[in-house]
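For reference, the chains in residue letters:
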Amino acid sequence: MQSVPFRGIVEQSVAGIYILQDEHFQYTNATFAGMAGYSNDEVLGKPLRECVPGYYVAEVMDRYKRRISGEVKSMHFVTHGLHRDGNVVHIDVHGQAMQFRGRPAVVGVGVNVSGQIQRDAELLESRHEYRELASRLNTMREQQRAEYAREVHDVLGGLLTSMKLDVGRIARRSRSTAVRGIAADLNALLVEAIDNVRELSESMRPQALDHLGLGAAIAAHLKRFRERSELRVSLQPPEFDIDLPRWRSIAVFRIFQEALTNVARHARASSVAVRFRRTDAAFWLEIEDDGVGFHTRADAGLQAQRQSMGLISMRERAYELGGTLTIDSAPHFGTRVVLQAPIVASPLVRS
Ligand SMILES: Nc1ncnc2c1ncn2[C@@H]1O[C@H](COP(=O)(O)OP(=O)(O)OP(=O)(O)O)[C@@H](O)[C@H]1O
Ligand SMILES: [Mg+2]
């Protein structure tokens, strides 16, 4: 460090600068020494192996020797340093083999990236927690839906059926045409109510899913959808089945259900096509409409404001299935939602 202008630049640099020779620090600027909580004088002459945590000594010495020996000229990596308070600091270093005072040395530049590494770790951790929470919420939601579906079907459905029987008795026993007319109206209303209850209970907990399998449940749902909407609906192939554990078929069904609900609510489409395809290892379920479409990216911000959960929940379920959800959409070009997921070995009988 004889050259005075360079010395000033090196010493004031916001990047850490160091020289290693004979496995010892021969020079560090204040920034580099400060990363480990020392002044430059304190680091001067310190052995390299004492400046890294025990688990990292072998690795750092190996890297040092490979450069000193000339095997590699320079290396760029994140090293682990030992702070004087005992904590580990992460330093992104770029060190090169050079001659210093006529002998081989490693001269390098380092930037403290501990904050960034900690933030990355925290982000990863919170993403993990978020996924766990989403998955637990889905399980709870399904349990609750199953309970409500049973209540609605058994209690409400049962009551309505008894009422329908009673209305029938009234109609049979009355001689008054007026009363019989009222009873007939009531009967029609009750038939409609019973249908609605069945439909509600079915959408909360698709019985077809348990009894007939995923393919049949999708076909049945699509049939009801066709009857209610003005849309042209197609299913390719018209019949299929795939043996998945119960929680997985529920997840696939919910994704399908939400995609179809979105078509009905937002797409203003004239047709919707559902396609299923599989190999031995994976399957694809595609729901495509020819409606108004939307900006998938720009809408991400709007969604957060409106707190719409459909797309988020579809993505989470796809993730739980170990798969991915792709949404292709653009204004005036319709929307295509594709679920792709692996077929994981499942028990022969659904529980
Ligand atoms: N098939 C589609 N065609 C056109 N726009 C769509 C389609 N699917 C989704 N969108 C747009 O994406 C937005 C977000 O959909 P998402 O399902 O997340 O929310 P939502 O349906 O509005 O509310 P919910 O939380 O009840 O599902 C919708 O509001 C709509 O603007
Ligand atoms: Mg929706």
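These notes cover the structure that comes with them.

What counts, and at which threshold
- Within each chain, residues carry numbers counting from 1 in the order of the written sequence.
- To label them, take the chains in the order written and letter them from A, then take the ligands in the order written and number them from 1.
- It should be noted that, the model being predicted, local features are given only for residues of pLDDT at least 70 and side-chain atom pairs only at 80 or more, the latter also being counted only at that level, while totals for whole chains, interfaces and linings use all residues.
- Side-chain calculation: all heavy atoms of the structure are included, whereas hydrogens and water are not.
- Put simply, DSSP H or I for four residues or longer makes a helix, DSSP E for two residues or longer makes a strand, and each gets a number counted from the N terminus.
- Throughout, the radius of gyration refers to the C-alpha atoms, and the reference size of a globule is 2.2 Å times the residue count to the power 0.38.
- Classification of residues uses two cut-offs on accessible area relative to the type maximum, computed with a 1.4 Å probe and protein chains only: under 20% is buried, over 50% is exposed, and between them is partly exposed.
- Residue contacts follow a heavy-atom distance rule, with two residues in contact if any of their heavy atoms lie within 4.5 Å.
- Here the open area of atoms and residues is found with the Shrake-Rupley method and a 1.4 Å probe, where only the protein chains shown may cover a residue.
- Only four residue types enter the tally: Lys and Arg on the positive side, Asp and Glu on the negative side, with His and both chain ends excluded.
- One atom stands in for each charge, and that atom is NZ of Lys, CZ of Arg, CG of Asp or CD of Glu.
- Whenever Lys or Arg places a side-chain nitrogen within 4 Å of a carboxyl oxygen from Asp or Glu, that contact is recorded as a salt bridge.
- For Na, K and Ca the donor cut-off is 3.2 Å; for every other metal, N, O and S atoms count as donors within 2.8 Å. Water does not enter the count, which can leave sites looking incomplete.
- For every element, the axis is a line fit to its C-alpha atoms; helices are fit only across the contacting stretch, and the angle between N-to-C directions ranges from 0 to 180 degrees.
- Angle categories: roughly parallel below 35 degrees, roughly antiparallel above 145, roughly perpendicular from 65 to 115, and oblique for all the rest.
- Only Asp, Glu, Lys and Arg are considered charged, only Ala, Val, Leu, Ile, Met, Phe, Trp, Tyr, Cys and Pro nonpolar, and every remaining residue, Gly among them, polar.
- The term nonpolar core refers to a set of buried residues drawn from Ala, Val, Leu, Ile, Met, Phe, Trp, Tyr and Cys, joined through side-chain atoms within 4.5 Å.
- A pair of strands is labelled paired if DSSP reports no fewer than 2 bridges between them.
- Whether a residue is near a molecule or strand is decided by its heavy atoms; if any one of them lies within 4 Å of it, the residue is near.
- Under the rule applied, a polar contact is a pair of N or O atoms within 3.5 Å (in protein, one hydrogen donor and one hydrogen acceptor; residues adjacent in sequence only if both atoms are side-chain atoms).

**So, the overall build of the protein chain**
Next up, step 1: From N to C terminus, the protein chain includes eleven helices and ten strands.
Next up, step 2: Against the globule reference of 20 Å for 351 residues, the protein chain gives a C-alpha radius of gyration of 34 Å, more extended than a compact globule.
Next up, step 3: For the protein chain, the C-alpha atoms occupy an extent of roughly 120 × 45 × 40 Å along the three principal directions.
Next up, step 4: Here the protein chain, with 351 residues, has 39% of them falling under the buried criterion.
Next up, step 5: Put simply, 57% of the contacts in the protein chain that link residues at least 6 apart link residues at least 24 apart.
Next up, step 6: A total of about 21,000 Å² of accessible surface is found on the protein chain, and carbon and sulfur atoms cover 56% of it.
Next up, step 7: For the protein chain, the distance from the average position of its 45 positive side-chain charges to the average position of its 42 negative side-chain charges is 4 Å.

**Focus: the pattern of salt bridges**
Next up, step 1: Following the criterion strictly, the structure yields 19 salt bridges and no others.
Next up, step 2: Its salt-bridge partner being Arg275, residue Glu288 comes within 3.0 Å of it at the nearest N-O pair. Remark: Arg275 occurs in strand S7 (residues 271-278) and Glu288 occurs in strand S8 (residues 282-289); sequence separation between them is 13 residues.
Next up, step 3: Owing to a relative accessible area of 28%, Glu288 belongs among the partly exposed residues under this scheme.
Next up, step 4: Each member of the salt-bridge network shares a partner with another, and the members are Glu142, Arg145, Arg254 and Arg317.

**Notes on the coordination of the magnesium ion (ligand 2)**
Next up, step 1: Protein coordination at the magnesium ion (ligand 2) comes from Glu258 (OE) and Asn262 (OD1), with a distance range of 2.0 to 2.1 Å. Of this pair, Glu258 and Asn262 are both found in helix H9 (residues 246-267), four residues apart, which corresponds to roughly one turn of the helix.
Next up, step 2: Look at Asn262 and you get buried, because its relative accessible area is 17%.

**Let's talk about the packing of helix H5 (residues 114-173) against helix H11 (residues 310-320)**
Next up, step 1: The contact between H5 and H11 brings their axes to 10 Å, and the two run at 100 degrees. One finds that H5 runs roughly perpendicular with respect to H11. On the side of H5, the interface is formed by Tyr130, Arg131, Ala134, Ser135, Asn138, Arg141, Glu142 and Arg145, while H11 contributes Ile312, Ser313, Glu316, Arg317, Tyr319 and Glu320.
Next up, step 2: When the residues that make up the contact of H5 with H11 are grouped by side-chain class, the tally is four nonpolar, three polar and seven charged.

**Structural notes on the nonpolar core**
Next up, step 1: Counting 40 residues, the largest nonpolar core has Phe256, Phe283, Leu285, Ile287 and Leu339 as the members making the most contacts within it.
Next up, step 2: Broken down by element, this core gets its largest block of residues, ten residues, from H9.
Next up, step 3: The contact partners of Leu285, leaving out residues within four places of it in the chain, are Ile218, Val252, Phe256, Val274, Arg275, Phe276, Val337, Val338 and Leu339.
Next up, step 4: Within the second largest apolar cluster, 21 residues are counted, among which are Phe25, Leu48, Phe77 and Val106.

**Side note on the sheet that holds strand S9 (residues 324-329)**
Next up, step 1: The five strands lie next to each other as S6-S7-S8-S10-S9, forming an open sheet whose pairing is mixed. Edge positions in the sheet fall to strand S6 (232-236) and S9, since each has one partner strand and no second. Direction aside, the axes of adjacent strands within the sheet are offset by 10 degrees on average.
Next up, step 2: Pairing between S6 and S7: five bridges, direction parallel. The partner of Leu235 across the bridge, within S7, is Val274.
Next up, step 3: Across the sheet, helix H8 (residues 214-228) is in contact with S6, S7 and S8; its angle to S6 comes to roughly 170 degrees.

**Observations concerning unusual backbone geometry**
Next up, step 1: With an omega dihedral of -5 degrees, the bond running from Gln236 to Pro237 counts as a cis peptide bond.
Next up, step 2: One can find Pro237 in the loop between S6 and H9.
Next up, step 3: At Asp22, a residue that is not glycine, the phi angle is positive and equals roughly 55 degrees.
Next up, step 4: Examined against the element boundaries, Asp22 turns out to sit in the loop between strand S1 (16-21) and strand S2 (24-28).
Next up, step 5: With relative accessibility at 41%, the residue Asp22 sits in the partly exposed group.
Next up, step 6: One non-glycine residue, His332, lies in positive phi territory at about 70 degrees.
Next up, step 7: Positionally, His332 belongs in the loop between S9 and strand S10 (335-342).

**A few points about the site of ligand 1**
Next up, step 1: Around ligand 1 sit 16 residues, and of these Asn262, His266, Ser308, Met309 and Leu311 come closest.
Next up, step 2: In this structure, an oxygen atom belonging to ligand 1 sits 2.9 Å away from a side-chain N or O atom of Glu258.
Next up, step 3: At 3.0 Å from an oxygen atom of ligand 1 is found a side-chain nitrogen or oxygen belonging to Arg265.
Next up, step 4: Mapped onto the shell around ligand 1, the elements with two or more residues apiece are H9, helix H10 (298-306) and H11.
Next up, step 5: Looking at the shell around ligand 1, the element that brings in the most residues is H9, giving five residues.
Next up, step 6: For the shell around ligand 1, the class distribution of residues is four nonpolar, seven polar and five charged.

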